[in-house]
Every structure is written in C-alpha cells, then in structure tokens.
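# Structure at a glance
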Amino acid sequence: MTAEEPGMAQQVMAADDLFPATRKTPLPGGYMGRILRVNLSTENFEVLPLPEEPLLKKLWGGQALALYILLRELAADAQPLGPDAKVVMMTGPLTATGLTPGGTKMCAVFLSPITGYTLGRAATSGFWPMALRAAGYDGLILEGVARRPSYLYIDEERVELRDASPVWGLGTRDTENRLRELVGHRDARVACIGPAGEHVVPAAMLVNDYNHNAAHGLGALFGSKKLKAIVARGTRRPPLHDKKALIDAGRRWRKVLEPTVYTVQQRLKSPGYGGLWGAITRNNWRSTVITDEARGFDQNRVTLRPCFQCQRLCPWDVEIGEGPHKGKGGHFNAGSEWMDTFYNLGLKGNDVLQLTERINDLGIECGHFANAAGLAFEAWEKGLLQADRTQGLVLQWGNHASVERLLEQCARREGWLGNLLAEGVEPLAKALGGDAPQWAVHTKGGSPAQHDWRPRISDMLDNLTGSGGMKSQGGGSYAVSPRDLANTEQWGPLDPALPEGWARSQMLAEQLKQACGLMGCCWFALIDINAEDALNSMMDSLNATTGWNMTLEDARAAGHRSMILQSIFGAQHGWRAEHDWKHVGPRFLEPVPDGKYQGFTIARWLPDIVQEYYRLSGRHELSGRPLPGTLERLGLEEFAAWAEREARP
Amino acid sequence: MNAPLERTPYPVARLLDGQARAILFDAAKCIGCRQCVEACKDWNDLPRGDTGRIGGTTWLTIEPPVMEGQSSVWGRNSCMHCQFPLCAAVCPVEAITKYEEGPVVIDPARCIGCGFCIEACPWQVIGRNRAGGKARKCTLCQDRLAGGVSPFCVSACPAGALEFGLLEEVRAQARQRAAANGATVYGGNEAGGTQVLHVLNRTPAEHGLAAVAAQRFPPHRVGLGAILRMLFGASGGLSGKWRALGNALRKPWRLKYRYWPGRGG
Ligand code: SF4
Ligand code: SF4
Ligand code: SF4
Ligand code: SF4
C-alpha cells in the first residue's frame, strides 16, 4: 500500500496522544487495533491506532470508548446537523468473535438532533458490525460533509467514497440490495438511510441487514452529511487470547439463554413485548387494553433470522398469509416498539406488520412517528386539525391508507403535517396549539421506546433518564438482585407497586447492560441478569478474549463510567437532571387510563425517585453532573471541570 | 449393502472406536442463518467472507447463495464424507485418509496441490488454498471427533437442523423423519453411501445438491489439463512429482480410479 494511491487508507503518525503512533502497551485480544477516520469533505481517510491498553481497560469499547473520543473531538459549538457534527461508531472486543451469543454490537454516538442537548446513541446488531471488523476496524469517526450524495465502501485497506446517485431516493431495502450488487460482493454488509434520512428527518434511522436499525437520529446525521450508506466487507477476525476458554464460556452463555430463545410459535400469536405485562399503547396512549391486536398473525409464514452467531433468534421475517397484504414480506428486529407504534394509531393485525415494513424502508424511528402521528390523530378527533392541513387525509383511528400516506409525507417532509411529523411531537403540539401540548408523549423532546411503560416503575425511570430522550441506555425491571452478584448485592423481591428499591435496581441493571454493550455484545443476549451464570459466563467470555482478569465489580465500574460520560456530555450541551422529569410530555406521566393497572402512576414519586437514582450513581440530583468523588473512584479525574461543585442541597 | 473392497485405494485409519458416524441435516428445520458456515470458519481459523461459494477458506456453504432469510428452501453443501471417497482414490500421493468413524481428511503436509481430487469429487466441495495451492475441505471436525465431541457446525446450529451420531442411528432417524413428512433421504446411497445424510422436502436440485449415481467411485477421468499441470506445473515441487511417480509404480492398480474410470469399486 502506498500513500499516493487514491482510495487507500493511510496510517497516520501520532495524530494525537489518544491514538498512539507506536504502542507502549500491547494490544489486548479481541481488538482489531484500528479506527478509521473518514473526512467526508476532503475525502481523506486515516487509519488511527486504537488507544493504549489502560484506557481500553477502563472503557472496553462500544458507547464508552466512542463517547470518550467524541468528547475529545466534538467542537463545543457544533450543531447536531451542522458541518462540524461528528459521529463516532465503535464495536467492542466480543463483536464478531463468533463464539458467544450477542457478539454483534456497534454503538454510534453524536449530539442528538432530536433533543439538541443530549447524547444521541444509536446501537445496532445484525451483521454489519461484524463486517466492519472483518474489514479490519474497531470503529469509525465520521466528519465533514460530502460534496455530493455518496456512500462509503470499506474493503480492508481499500476505502472509497463513491457516488450514491444510483441509490439516492431509494428505500433501505432496495438500497441494500443495489449496493451489494454495485460493490460486487455478496457478503458485503450495508448500513444505509432511506428517504427520511435524506430529508434530514431528526428521527431518521440507519438501517442495516434488512432487520436492524440504529435509531435516535443517526440517520439524520448521515443525511446531513450526504452519506447514504456504509458498505463493509473483509476477511479478518479479532485475535483471541484463549480461544478454547472462549468457546467454553460462550457455550455456558448460550445455555443461560436457552429458556429465552424466541420461537416461530411466539411470533404467530404475540402482540409484542407489552404482552408480557399486559399493556400496550393505543390511540395515543389513551387505552392500554390488549384485544385482538394479533389477529391474523397465525396465518403468516414466519422465519427466524438471527443475528451473526447469536442463538437467541430475536429478529424475524414474515410473509403475510391473509387479508389485503397477503404475500407481502417484512423484516423485523428484536423489539416490538413498532407494533405499539401502529396500535397507537388504532391499527391491528397484519396492517401493523405491513406498515412496519414501510416505516423501516423509509427509515423513520417508529416511536417518533407513533407519538407525533398519535397526537395528530387525537387533534383530528378533537377538532383541532382538519383536512386542509393533512393534504386531504382523514385521520381516523385505524385508517390504514391514511397512515401509510402519512409515513411517506413524514419521510419526505411533504405538506404542513408531513413536515411537522418529521420535526417531532413537540413542534407539532406547539403548531396545533390549544390543549395539544397536554396530549403529547415525549421525553426531552424525543420519544420513549414505544411501549406502555407507565405501569412499570423501573422501566419508567429508565425511559425518563434516557439520554437521547428516547430508548434507555439499558435498564429493565429486575425485582431481585442477580444471583451471580450474591456476595455484594442481596435484595428483593421488590414490590412493583411501591417505589422502594427500584432506583437501585435500575442503576445496577444499567451498569451491567452498559458493560455488556461495551464488550460489543447485545443486551438482548443478557436479558435475564438474574439467571445463574448469566453474568459470570459473560465476564469469562471477555477475559478469555482479551486476556484480562476483570471481575463483575470491574464490569459495574465500566458500565458506570459510560453512564457518567453520558452525563458529562449532556452537561456540556445544556442538559440537567431536572429535564428528566420536567421536560416530559404530560401524557407519559398520566395515570394508566384503563386495564389492570388503571390509576397507577409513577408521577406521585417524582422527582424523588429520579433524584434517588442520580444520588446512588454519584451524580448531583438537580444538575446530573458527577460529584468529584465519583470521578475519582472511576478514574475519570480528567473531567473534573464538569463535576458538580456546589454543595448538595 | 456394500460388499467390502478387496483393497482400499487410499489410507484408512481409526480415530476412536471404529464406529461409523454421520451428520444429519434436516432441511425442514434449516432457517438459512449460516451460523454453521461461520462456525466452521471459527473452528478452523479460516478468514471471514466469501461465504457464498466453496473454496480454500469456505468449506461449507448453505445454498442458494442469497442473503440469509431470502429463500424458503435451503440446502447444506459440503464434503459428504463418502464411504468410498473418490477424492482419496484419485490422489496420486495418498494424501487423503478415510477414517473408520467417517472423516475423509486431506493431509496438507502430503498434498502436492495437483487438483485431481478437486476435479473428481462428485459434489465439487474441495477448495484450494490461495497460498500454496493445496486442496482444503471439511474434515468432519476430525480433531474434535478424536476428543469425542460433535463437529463445530453441528454444535453451532441454533435451529436443530444439524445433528451428529452413529451412522446407523442417523440413518434410522433420517428415514423416520422422511416418512413422517413426505420427504426424501439424500446421501444414503449416492456414491455408494455417504456419512452426511440430508432429509429433503424438495428435489435435491432445489436444495442445491448434485444428482450423483448410487455407484461407488462414480466414473471420473482426470482431465488432461490437470495431468499436464501435475507433470509440468510448479505445485508440489520435484519431490512431490517424485512421490507421485513412486506411488504409481508401487500401486499401479490405483491408477484405474484416475484413468480407467468405471473399473473402480
Ligand atoms: S464428497 Fe467429495 S471430497 Fe468429500 S469424501 Fe466425497 S469425494 Fe471426497
Ligand atoms: S490436490 Fe492432489 S495431492 Fe492434494 S489431496 Fe488433492 S489429489 Fe491429493
Ligand atoms: S464438520 Fe467441521 S470442518 Fe466440516 S463443515 Fe462442519 S465445522 Fe466445518
Ligand atoms: S446453522 Fe443450522 S439453521 Fe443455520 S444455516 Fe446452518 S443448518 Fe441451517
């Protein structure tokens, strides 16, 4: 490889002490050792060496390492969608080893274009993160703006910014197929934006491998940078410290997962995740009762379509077997927010699956659409919105044709309503006027993960404190302390109807799930943190891969660092902990309107329970900034300028 | 069913207990995830990528070569571990051993890269190393078998589409499943019987499998090009050519598998 050759990534010498030109410490197992910096404006590509081992031991990879780099790199005055905006994408040491479940993760961080003042974090699974590592890179730094619509092609040393005009305007499915043809490699993996990203819809997603989405506005950043897609392929694999031990730990991890493996039968009858506790979002969060939402699903042909070497079998494909959409296909990911999205607009059955395929093809985060469109439908019902502003569409609950058309309008910002749906629920509520702001559901201007969390204390905490204003950083409802942590944590079972203990449970779950993500693994492969060997098999996998000797306490500390860095980033952009309970769409905090949880609300314990969560995690309960002692304990003293100085009230 | 061979035209050896084993692939259960394909690469430290076709770094493919989830019919394509492996019979240096438990294994130290086996294999499942030009293929995870564990691809399958066991039991299981689902068994008779049995719900061609006659050592004549390449090409070096010549002189009866096909078995 010569430096003059165009399209060849160049190794740079000592760009920065963060990326050492000559390593002073050995590169641990599990890392490719290289980060690719892509300047879209200058079409300059640089291969940066991975930071030294002490930093890797603190942050591992994923969100924490990506954010550490972003904190160093992002200009203080950069606008979320401006030319100075940057995206840092990072895998972790267990990504693509192939020998553990869930080793599939990439996490991207950036300033959220949805909230404008918190961290945007977009994580995805599937195959693309593996392909990035096969190309030889742990992560990417994207900066600048391409001169024309472009896509990035990465095939090991060959890195090219290519003309995207053949795929500009196409949906995510066609884009993926077409780009694979264009690069001439059947095994190339594609992460791309659809029309929503091209039109810089704040909640546009990056979609990869048909079934997977990196949300929280990453697609908008891609659109603003005129970057349609990143196509990756290669033949490399992360070096392993002790392959035999990793195979053994991976097998144990897989055993832990066995009781939670998804089946076709479940997909043929389940109304989604909310079925677990018996509440879904209907008619803009005004009903929670599950009726015949899953009707017709049993007529479908379902294929499980697992991520790279993961045995939990979350993602799935459908061929609809009945009704007006018979014969149509769809590709879905693990969650089911998209089901609640369309229940929220009064739809049911296979209408929901067909519309989900449309929203993923257009590349819009479903919750964002669910809550903006839900508000529009309610405004229509209450006479605040008429056909003159909907381009003639009738916004009656359950009107499939209107919803399908609205999706297109939102993705392309067509008309008064389409543009406001794109902008999000807060601007729409304001434009509608009247009582509309009272009917809105949002957290910090973004959308919570679209499930009716209102009956669940811990999940509410998780969503309220989520940085993107949207999906959580990885908590969950855990009523008892994990078995694998029995010698340090012993509590529960917690009462689901009382606040005591949930802040602590949430913090612990967040630390552990963050840790799982930092390894480059998927939280869905750590679904039951209480199961015996769940945490130990995960730690043994990390140690076998890297050659480290990390304990579960180290894992909690690593996860904790990630949480703290996120607060620091937020603080730098104007976020305060208070926003978590003050900047919330009122409907999200209303008592559950009906069903078995009728009347329940976490609002009566606000802000105390959120403040308790911040106190427990060593952050100030109003500002959300870390206390000096917290930084010291976690070895993050370099961020002392962002610590809370004032005495606690 | 098969009369014993008078003399075997390849080395035969024992790994464990001498009991024949087999892989069972049930197409009805396969979801086309290709975890087996990547697992094979993981166990054998083969580079990622090129998962669409058999080659020196991909010893197993799942057919058709479309993205995961993009077909409703899948097939498994790799070495069948023939009970009468033609690849081994045509090898001029006897680099391929048939183990009693099943594995047909190429010894890379002995292979001279002539490519005769690649041409002769009825399933076209032998690839070539890019560096060195040596023949490479599935080993039935002989190194795992020796320790009493299943092939890695089998243990990786998340859908229960792959199983491994004693040949007799696998055969009975395959027949039973075929009868219950109106499916057919493939691999039981092809090329005189193999140690990878498939339960298929469509025709072999629809599962991406070749039609192979039931006879042992299906007729194959090594092409002139391959002969010339062996004689005058660089691969194998002089010592390799010398070994091939010595073998032909010591065991001239082996030549019939290469040059007078149909006389074998
Ligand atoms: S399938 Fe081909 S490579 Fe495998 S044993 Fe038979 S002849 Fe040899
Ligand atoms: S390439 Fe030639 S020498 Fe090598 S195993 Fe095949 S037949 Fe034998
Ligand atoms: S048996 Fe072993 S070598 Fe053969 S395909 Fe399976 S994993 Fe690969
Ligand atoms: S791992 Fe199993 S289900 Fe997946 S492609 Fe292989 S045989 Fe089919």
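These numbers come from a predicted model, not from an experiment. (Residues numbered from 1 in each chain as written. Chains lettered and ligands numbered in written order. Predicted model: local features only at pLDDT ≥ 70, side-chain atom pairs only at ≥ 80, totals over all residues. Heavy atoms only, no water.)

### Looking at the site of ligand 2
Residues in contact with ligand 2 amount to 13 residues; listed here are only the nearest, Cys-91, Cys-111, Cys-114, Gly-115 and Cys-117 of chain B. Considered class by class, the residues forming the shell around ligand 2 number 11 nonpolar, 2 polar and no charged. (Near = heavy atom within 4 Å. Nonpolar A, V, L, I, M, F, W, Y, C, P; charged D, E, K, R; others polar.)

### Some words on the pattern of salt bridges
Residues and elements named next belong to chain A. Taken as a whole and judged by the stated rule, the model has 63 salt bridges over all chains. With a shortest N-O distance of 3.2 Å, Glu-590 and Arg-587 are connected by a salt bridge. Counted as one network, the salt bridges with shared partners bring together Arg-286, Glu-378, Glu-381, Lys-382, Arg-587 and Glu-590. (Salt bridge = Lys/Arg side-chain N within 4 Å of Asp/Glu carboxyl O.)

### A closer look at the packing of helix 11 (residues 366-381) of chain A against helix 13 (residues 415-423) of chain A
Residue and element names in this part refer to chain A. Running from N to C, helix 11 and helix 13 cross one another at 135°; their axes reach a closest spacing of 8 Å. Comparing their axes, helix 13 and helix 11 come out oblique. Between helix 11 and helix 13 the crossing geometry is right-handed. Across from His-368, Phe-369, Ala-372, Ala-373 and Ala-376 in helix 11, the residues of helix 13 making contact are Leu-417, Leu-421, Ala-422 and Glu-423. (Axes fitted to C-alpha atoms, helices over the stretch in contact; angles between N-to-C directions. Helix = DSSP H or I, 4+ residues; strand = E, 2+ residues; numbered from the N terminus. Parallel < 35°, antiparallel > 145°, perpendicular 65-115°, else oblique. Left-handed = near helix turned anticlockwise from the far one by under 90°. Contact = heavy atoms within 4.5 Å.)

### Observations regarding the site of ligand 3
Close contacts around ligand 3 come from Cys-40, Asn-44, Trp-59, Leu-60, Arg-76, Cys-138, Thr-139, Leu-140, Cys-141, Pro-151 and Cys-153 of chain B, and that covers them all. Considered class by class, the residues forming the shell around ligand 3 number 8 nonpolar, 2 polar and 1 charged.

### Here's the deal with the confidence of the model for chain A
Residue and element names in this part refer to chain A. Per-residue pLDDT for chain A averages 94, and the proportion of residues at 70 or more is 96%. In the model, residues 1-6 has pLDDT below 50 throughout and makes 5 contacts with residues more than four positions away in sequence or in other chains. Below a pLDDT of 50 lies the segment residues 11-15, which in the model reaches 10 contacts outside its immediate sequence neighbourhood of four places, other chains included. (pLDDT = per-residue confidence, 0-100.)

### Notes on unusual backbone geometry
All names here are of chain A. Residue Pro-493 follows Gly-492 across a cis peptide bond; omega there is 0°. Tracing the backbone shows Pro-493 in the loop between helix 16 (457-465) and helix 17 (502-518). The omega torsion of the bond from Leu-606 to Pro-607 falls at 0°, within 30 degrees of zero and hence cis. Relative to the helices and strands, Pro-607 is located in the loop between helix 20 (579-582) and helix 21 (608-616).

### Focus on the nonpolar core
Trp-60, Ile-69, Met-539, Leu-565 and Ile-609 of chain A are the most contacted members of the largest nonpolar core, which totals 106 residues. Excluding anything up to four places from it in sequence, Ile-69 of chain A contacts Leu-18, Phe-19, Ile-35, Val-88, Met-90 and Ile-141 of chain A. Formed by 63 residues, the second largest nonpolar core is a distinct cluster that contains Val-37, Leu-86, Cys-117 and Ile-126 of chain B. (Core = buried A, V, L, I, M, F, W, Y, C linked by side-chain atoms within 4.5 Å. Buried < 20%, exposed > 50% of the residue type's maximum accessible area, 1.4 Å probe, protein only.)

### Things to note about the state of the cysteines
Residues and elements named next belong to chain A. Taken as a whole, this structure holds 0 disulfides over all chains when the rule is applied. Cysteine Cys-107 is unpaired, with the sulfur of Cys-522 as its nearest cysteine sulfur at 12 Å. In this structure Cys-107 comes out as buried when scored by relative accessible area, which is 6%. (Disulfide = S-S within 2.5 Å.)

### Digging into the packing of aromatic side chains
Where two aromatic rings form a pair, the distance of their centres and the angle of their planes describe that pair. Taken as a whole and assessed by the stated rule, the structure comprises 19 aromatic pairs over all chains. Seen in terms of ring centroids, Tyr-31 of chain A and Trp-548 of chain A are 6.2 Å apart; in terms of plane orientation they differ by 50°. Their pairing is tilted. Of this pair, Tyr-31 of chain A sits in the loop between strand 1 (10-11) and strand 2 (34-39) while Trp-548 of chain A is found in the loop between helix 18 (534-546) and helix 19 (552-572), placing the two residues 517 residues apart along the sequence. Relative accessible area serves as the criterion here: at 2%, Tyr-31 of chain A is assigned to the buried category. Chaining the aromatic ring pairs together yields one cluster made of Tyr-10, Phe-84, Phe-217 and Tyr-257 of chain B. Taking the ring centre of Trp-416 of chain A as reference, the NZ or CZ of Arg-389 of chain A above it sits at 4.1 Å. (Phe/Tyr/Trp six-rings, centres within 6.5 Å; stacked < 30°, edge-to-face > 60°. Lys NZ or Arg CZ within 6 Å of the ring centre and 35° of its normal.)

### Examining the pairing of strand 11 (residues 196-200) of chain B
Residue and element names in this part refer to chain B. Most of strand 11 sits inside the fold, with 5 of its 5 residues counted as buried. The side-chain alternation of strand 11 yields two buried faces, one formed by Val-196, His-198 and Leu-200 and the other by Leu-197 and Val-199. Here strand 2 (residues 21-26) runs beside strand 11; their pairing, made up of 4 bridges, is parallel. Bridged to Phe-25 within strand 11 is His-198. Here strand 10 (residues 184-186) runs beside strand 11; their pairing, made up of 3 bridges, is antiparallel. Bridging from a neighbouring strand, Thr-184 pairs with Leu-200 of strand 11. (Pairing = 2+ DSSP bridges.)

### What about the interface of chain A and chain B?
Put simply, an interface is often sized by how much accessible area is lost when its parts join up. Taken together, the contacts link 34 residues of chain A with 29 residues of chain B. Carbon and sulfur atoms make up 48% of the surface buried where chain A meets chain B, a total of about 2,400 Å² over both sides. In terms of surface lost to chain B, no three residues of chain A exceed Arg-186, Arg-237 and Gln-309 of chain A, which account for 25% of the buried area on that side. Applying the counting criterion to the chain A and chain B interface returns 4 salt bridges. For Lys-243 of chain A, the salt bridge identified is with Asp-45 of chain B, shortest N-O distance 3.0 Å. (Buried area = accessible area lost by both parts, 1.4 Å probe.)

### Points about the domain arrangement of chain A
Residues and elements named next belong to chain A. Assigned domains within chain A: domain 1 (15-233), domain 2 (261-439) and domain 3 (457-642). Using C-alpha coordinates to define each centre, domain 2 is positioned 28 Å away from domain 3. With 21 residues of domain 2 in contact, the opposing surface of domain 3 contributes 15 residues. Applying the counting criterion to the domain 2 and domain 3 interface returns 1 salt bridge. Arg-587 serves as the salt-bridge partner of Glu-378, at 2.8 Å between the closest nitrogen and oxygen. With 3 residues, helix 15 (residues 436-439) is the single largest residue contributor to the side of domain 2 that touches domain 3. Partitioned by chemical class, the residues of the side of domain 2 that touches domain 3 number 8 nonpolar, 6 polar and 7 charged. (Domains from an automatic or database assignment.)

### Remarks on the sheet that holds strand 15 (residues 316-319) of chain A
Residues and elements named next belong to chain A. If you trace the 3 strands from one edge of the open sheet to the other, you get 14-15-16, paired in antiparallel fashion. Looking at strand neighbours, the two that pair on one side only are strand 14 (301-304) and strand 16 (329-332), the edges of this open sheet. The sheet shows a mean angle of 15° between the axes of neighbouring strands, taken without regard to direction. Inspection of the sheet shows strand 15 paired to strand 16 by 4 bridges, in the antiparallel sense.

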